[in-house]
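These are the residues of each chain, in order.
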Amino acid sequence: QQQVKQSPQSLIVQKGGISIINCAYENTAFDYFPWYQQFPGKGPALLIAIRPDVSEKKEGRFTISFNKSAKQFSLHIMDSQPGDSATYFCAASVETGAGSYQLTFGKGTKLSVIP
Amino acid sequence: NAGVTQTPKFQVLKTGQSMTLQCAQDMNHEYMSWYRQDPGMGLRLIHYSVGAGITDQGEVPNGYNVSRSTTEDFPLRLLSAAPSQTSVYFCASSSVRAKRGRTDTQYFGPGTRLTVL
């Protein structure tokens, strides 16, 4: 059962354009929504994250939009650059006990930014 | 500060062989976890731990064992490798959820690429 659905699988964007990746979830117990960026041959690294009591969070060129009622959230990359070419994963976190939690990842979006 | 380290980087096993993937972190993080990454499948949680002596199962625990004897180390054991365990394995660590405002930021290692023939 896939609890976090991510789309599209792949995305090609011109340099300077806007990249948009969407995610949807079912479990209303999720309470933290991070995005991870992964370059080939490397481990994922946290890019930006949001809590469900906030509708938008911006850090530089990266913005998360969150719609709690629709159970959807998305990543927007403004002024996309070739260096942004990577695989992006959305994730959702749920508490599983005292101090404990589990992250569930989407299947990933491979972004290619062409000059 | 090395962060999260994993060894080996690459490993080839024959079906039925056993091996241990090593993971260590020097950030004094209580929470450690193992994921496997397969093409088109994202990262799936295998096992996790919130401290020495405490482990729990994730989404895909079958065929894998873990133990946590120290804060720093969290090895993953394959007792009898199967071709279905061919994957890239990532170890990650973070602070536990101590209070409201925690970030659940996980720091990932560089991964171990495992092939089971």
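Residues numbered from 1 in each chain as written. Chains lettered and ligands numbered in written order. Predicted model: local features only at pLDDT ≥ 70, side-chain atom pairs only at ≥ 80, totals over all residues. Heavy atoms only, no water.

(A) Structural detail: the environment of Lys-9 of chain B. Following the sequence through the fold, Lys-9 of chain B ends up in the loop between β1 (4–7) and β2 (10–13). Using a relative accessible area of 58% as the deciding quantity, one classes Lys-9 of chain B as exposed. (Helix = DSSP H or I, 4+ residues; strand = E, 2+ residues; numbered from the N terminus. Buried < 20%, exposed > 50% of the residue type's maximum accessible area, 1.4 Å probe, protein only.)

(B) Examining the packing of aromatic side chains more closely. Within this structure, the stated rule accounts for 19 aromatic pairs over all chains. Judged by centre distance (5.7 Å) and plane angle (70°), the ring pair of Trp-35 of chain A and Phe-73 of chain A falls under edge-to-face. Here Trp-35 of chain A, found in strand β4 (residues 33–38), pairs with Phe-73 of chain A, found in strand β8 (residues 72–77); they are 38 residues apart in sequence, far enough to count as distant. Both residues of the pair, Trp-35 of chain A and Phe-73 of chain A, count as buried. Chaining the aromatic ring pairs together yields one cluster made of Tyr-25, Phe-30, Phe-33, Trp-35, Phe-66 and Phe-73 of chain A. Positioned above the aromatic ring of Phe-74 of chain B, the side-chain terminus of Arg-68 of chain B is 5.9 Å from the ring centre. (Phe/Tyr/Trp six-rings, centres within 6.5 Å; stacked < 30°, edge-to-face > 60°. Lys NZ or Arg CZ within 6 Å of the ring centre and 35° of its normal.)

(C) Geometry of the interface of chain B and chain A. Listed per partner, the contact involves 27 residues of chain B and 24 residues of chain A. Between chain B and chain A, the buried area comes to about 2,000 Å², and carbon and sulfur atoms account for 48% of it. Between chain B and chain A we count zero salt bridges in total. One can count seven residue pairs in polar contact (both at pLDDT 80 or more) joining chain B with chain A. For the side of chain B that touches chain A, the secondary-structure elements that each account for two or more residues are β4 (31–38), β5 (42–51) and β9 (87–94) of chain B. Per-class residue counts for the side of chain B that touches chain A are 11 nonpolar, 12 polar and four charged. (Contact = heavy atoms within 4.5 Å. Buried area = accessible area lost by both parts, 1.4 Å probe. Salt bridge = Lys/Arg side-chain N within 4 Å of Asp/Glu carboxyl O. Polar contact = N/O pair within 3.5 Å; in protein donor to acceptor, adjacent residues only side chain to side chain. Nonpolar A, V, L, I, M, F, W, Y, C, P; charged D, E, K, R; others polar.)

(D) Quick look at the state of the cysteines. Residues and elements named next belong to chain A. By the definition in use, this model includes two disulfides over all chains. Here Cys-23 engages in a disulfide with Cys-90; their sulfurs sit 1.9 Å apart. When the S-S torsion is -95°, as for the bridge of Cys-23 with Cys-90, the disulfide is left-handed. Residue Cys-23 is found in strand β3 (residues 19–25), and its partner Cys-90 is found in strand β9 (residues 86–97); the two are separated by 67 residues along the sequence. Cys-23 sits in the buried class, given a relative accessible area of 3%. (Disulfide = S-S within 2.5 Å.)

(E) Highlighting the sheet that holds strand β8 (residues 76–78) of chain B. Residue and element names in this part refer to chain B. The sheet built from four strands is open, its strands ordered β1-β3-β8-β7 with antiparallel pairing. Strands at the two margins of the open sheet, each flanked by one partner only, are β1 and β7 (64–66). Pairs of neighbouring strands in the sheet enclose a mean axial angle of 20°, with direction left out of account. Bridging between β7 and β8 involves three bridges; their strand directions are antiparallel. From the neighbouring strand, Val-66 faces β8, where its bridge partner is Leu-76. (Pairing = 2+ DSSP bridges. Axes fitted to C-alpha atoms, helices over the stretch in contact; angles between N-to-C directions.)

(F) Structural detail: the side chain of Thr-109 of chain A. Residue and element names in this part refer to chain A. Along the polypeptide, Thr-109 turns up in strand β11 (residues 109–114). The exposure class assigned to Thr-109 is buried, which follows from its relative accessible area of 0%. Side chain to side chain, Thr-109 and Gln-6 meet in a polar contact 3.0 Å long. Beyond its immediate stretch of four places on either side in the chain, Thr-109 contacts Gln-6, Ser-7, Pro-8, Gln-9, Ser-10, Leu-11, Ile-21, Ala-86, Thr-87 and Tyr-88.

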